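# Descriptive structure summary
Single-letter residue listing:
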Amino acid sequence: MADYSKKIMVTGAAGFIGSHVARLFVKKYPEYLIVNLDALTYAGNLENLRDIENLPNYKFERGDINDEKRINELFDQYHFDAVIHLAAESHVDRSIIDPLAFVRTNVLGTASLLNISLKHWKDNLENKLFYHVSTDEVYGSLGKEGFFTEETPYDPRSPYSASKASSDHFVMAYRHTYGLPIVMSNCSNNYGSHHFPEKLIPLMINNIKNNKPLPVYGKGENVRDWLFVEDHATAIDTIFHNGKIGEKYNVGGFNEWKNIDIVHLLCGIMDKKLGRPAGESAKLITYVKDRPGHDMRYAIDASKLNKELGWKPSLQFEEGLEKTVDWYLQNQDWVNHVTSGDYQKYYDVQYEKR
Ligand code: NAD
Ligand code: TYD
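Throughout what follows, the structure given in this document is the object of discussion. (Residues numbered from 1 in each chain as written. Chains lettered and ligands numbered in written order. Predicted model: local features only at pLDDT ≥ 70, side-chain atom pairs only at ≥ 80, totals over all residues. Heavy atoms only, no water.)

The next point concerns the layout of surface pockets. Size it by volume and the second largest pocket reaches roughly 240 Å³. Forming the walls of the second largest pocket are 13 residues, and the residues nearest its centre are Tyr42, Phe196, Val338, Ser340 and Asp342. Listing elements by their share of the lining of the second largest pocket, those giving two or more residues are α11 (332-338) and α12 (342-351). Per element, the largest residue contribution to the lining of the second largest pocket is four residues, and it comes from α12. Its residues placed into classes, the lining of the second largest pocket shows five nonpolar, five polar and three charged. (1 Å grid on protein atoms, 1.4 Å probe; cavity = no way out; pocket = protein on both sides within 12 Å on 5 of 7 lines; lining within 4 Å. Points joined across faces, edges and corners; volume = space filled by probe spheres on them. Helix = DSSP H or I, 4+ residues; strand = E, 2+ residues; numbered from the N terminus. Nonpolar A, V, L, I, M, F, W, Y, C, P; charged D, E, K, R; others polar.)

Set out below in structure tokens:
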């Protein structure tokens, strides 16, 4: 273990964003040891990491962030210098069905991980780092104008965003009360490969492919700010290495889209890829009952990260979406695997009465 210049626990690295972060770090920093700690919930899938699983500086450890004994043992075994914390329940619709699952993982799990990190590091906090990965949803919902900055007051409105806001507060409390070295980032909606098909973009791609209705909530006018997941991973790399201790950074693509416009864009791309007549897939669009408490608009001002640390997104949205569609069409085994079993049950509960 002593040969590695840093030993990093990445929680939730079997999930969507975590797998991209782990891949980037494992490949870019062979001198770091990356330990993926993941409970493998419905959203966690080791297939996401097939290309790095045999590399010597990557290890997988199955475990729940709430399992104090297990996490303590891993700290004793690996002597982590840093934690990059992505493990979470991450889907707003599921948080409406089962809010307490979000409290358990996102609030209690994060607090427990902070506590254990402090316990193991407190005698020498130098060169230690707890990096908390959070979301722009903690800031609430915008009207037509304005952006979320790092100073925007928290105003979470769904059980998911309330649980993430609470975890952010615990992270800051551990900084202020105990001096734990932390950084935090709040990112906008991600898209890209390995995205679980319960979220808007992969769900629409999958339904278009299978000629199923495309369920657009309400009038489809809600706005999200979309960032390619690999750009989020490079932002995390930048902040991990150069971010100021105790600070938070907003991450986003300055890339706002109405949901209905994204669905049309995807239909157009898929018509071409699947050889369907133009306009064919758009016939599947079905307006359904709105999500309760549906936030109207998210838009991130990521200028602090750009000005202070020089990060910017690499891809235009249309290019990123096309890459994403290609990945899903070329990885139907992955899609079939993750949508078998429990996915169908969730889909029926979520969409049958809308
Ligand atoms: P995801 O749902 O795809 O993956 C979450 C991972 O965490 C899974 O591998 C799951 O098995 C694991 N996990 C869940 N509960 C766990 C527990 N109790 N113990 C250990 N592991 C557990 O999520 P994602 O979209 O990759 O999001 C990752 C992080 O980024 C989350 O903290 C999320 O809030 C944040 N975030 C996501 C987005 C987005 O657009 N997806 C945007 C901004 C921030
Ligand atoms: P989602 O991908 O769940 O991310 P979030 O709610 O965290 O932003 O949803 C993105 C947007 O798409 C959101 O406004 C809700 C909407 N949406 C639909 O219209 N239909 C769907 O089936 C889903 C999953 C989402």
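Moving on, we come to the site of ligand 1. Taken together, 28 residues lie around ligand 1, and Ile17, Asp38, Ser90, Tyr160 and Lys164 are the ones closest in. Measuring from an oxygen atom of ligand 1, one finds a backbone N or O atom of Gly15 at 3.0 Å. Take Thr41: an N or O atom from its main chain is 3.0 Å from an oxygen atom of ligand 1. A per-element tally of the shell around ligand 1 places strand β5 (residues 129-135) first, with three residues. Counted by class, the shell around ligand 1 contains 13 nonpolar, twelve polar and three charged residues. (Near = heavy atom within 4 Å. Polar contact = N/O pair within 3.5 Å; in protein donor to acceptor, adjacent residues only side chain to side chain.)

This part covers the sheet that holds strand β7 (residues 189-191). Strand order in this open sheet of three strands is β7-β9-β11, and the pairing throughout is mixed. On the outer flanks of this sheet lie β7 and β11 (256-258), each paired with one strand and no other. Geometrically, the sheet is characterised by an average inter-axis angle of 50 degrees between neighbouring strands, direction not taken into account. Across three bridges, the pairing between β7 and strand β9 (residues 223-228) is parallel. Following the sheet pairing, Tyr191 is matched in β9 by Phe228. Contacts between helix α8 (residues 259-274) and the sheet are confined to β9 and β11, with β11 contributing the most and set at about 85 degrees to the helix. (Pairing = 2+ DSSP bridges. Axes fitted to C-alpha atoms, helices over the stretch in contact; angles between N-to-C directions. Contact = heavy atoms within 4.5 Å.)

Looking at where Arg104 falls in the secondary structure, it is placed in helix α4 (residues 99-121). Separated by 134 residues in the primary sequence, Arg104 and Thr238 place their C-alpha atoms 30 Å from one another. Beyond its immediate chain neighbours, meaning those up to four positions away, Arg104 contacts Asn66, Asp98 and Gly109.

What follows concerns the packing of helix α2 (residues 68-78) against α4. Following both chains from N to C, one finds α2 and α4 inclined at 35 degrees, their axes separated by 10 Å at the closest point. When you trace α2 past α4, the crossing you get is right-handed. For the pair α2 and α4, contact is made by Glu68, Ile71, Asn72, Phe75 and Asp76 and by Ser112, Leu113, Ile116, Ser117, Lys119, His120 and Trp121, respectively. Its residues placed into classes, the contact of α2 with α4 shows five nonpolar, four polar and three charged. (Left-handed = near helix turned anticlockwise from the far one by under 90°.)

Looking now at the pattern of salt bridges. Enumeration over the complete set of coordinates arrives at 15 salt bridges. Of the charged contacts, one joins Glu198 and Arg94 as a salt bridge, the two residues approaching to 2.6 Å between their closest N and O atoms. On the criterion of sequence distance, the pair formed by Glu198 in the loop between β7 and α6 (200-209) and Arg94 in helix α3 (residues 92-97) is long-range, its members being 104 residues apart. Across this residue pair, the class does not change: Glu198 and Arg94 are buried. One salt bridge in this structure joins Lys304 and Glu247, with 2.6 Å as the shortest N-O distance. Within this pair, whereas Lys304 is found in helix α9 (residues 303-309), its partner Glu247 is found in the loop between α7 (229-242) and β10 (248-251), the two being separated by 57 residues in sequence. Judged by relative accessible area, Lys304 falls into the buried class, the value being 17%. A relative accessible area of 25% places Glu247 in the partly exposed class. A cluster of three or more residues bridged by salt bridges with shared partners is formed by Arg23, Lys27 and Asp51. (Salt bridge = Lys/Arg side-chain N within 4 Å of Asp/Glu carboxyl O. Buried < 20%, exposed > 50% of the residue type's maximum accessible area, 1.4 Å probe, protein only.)

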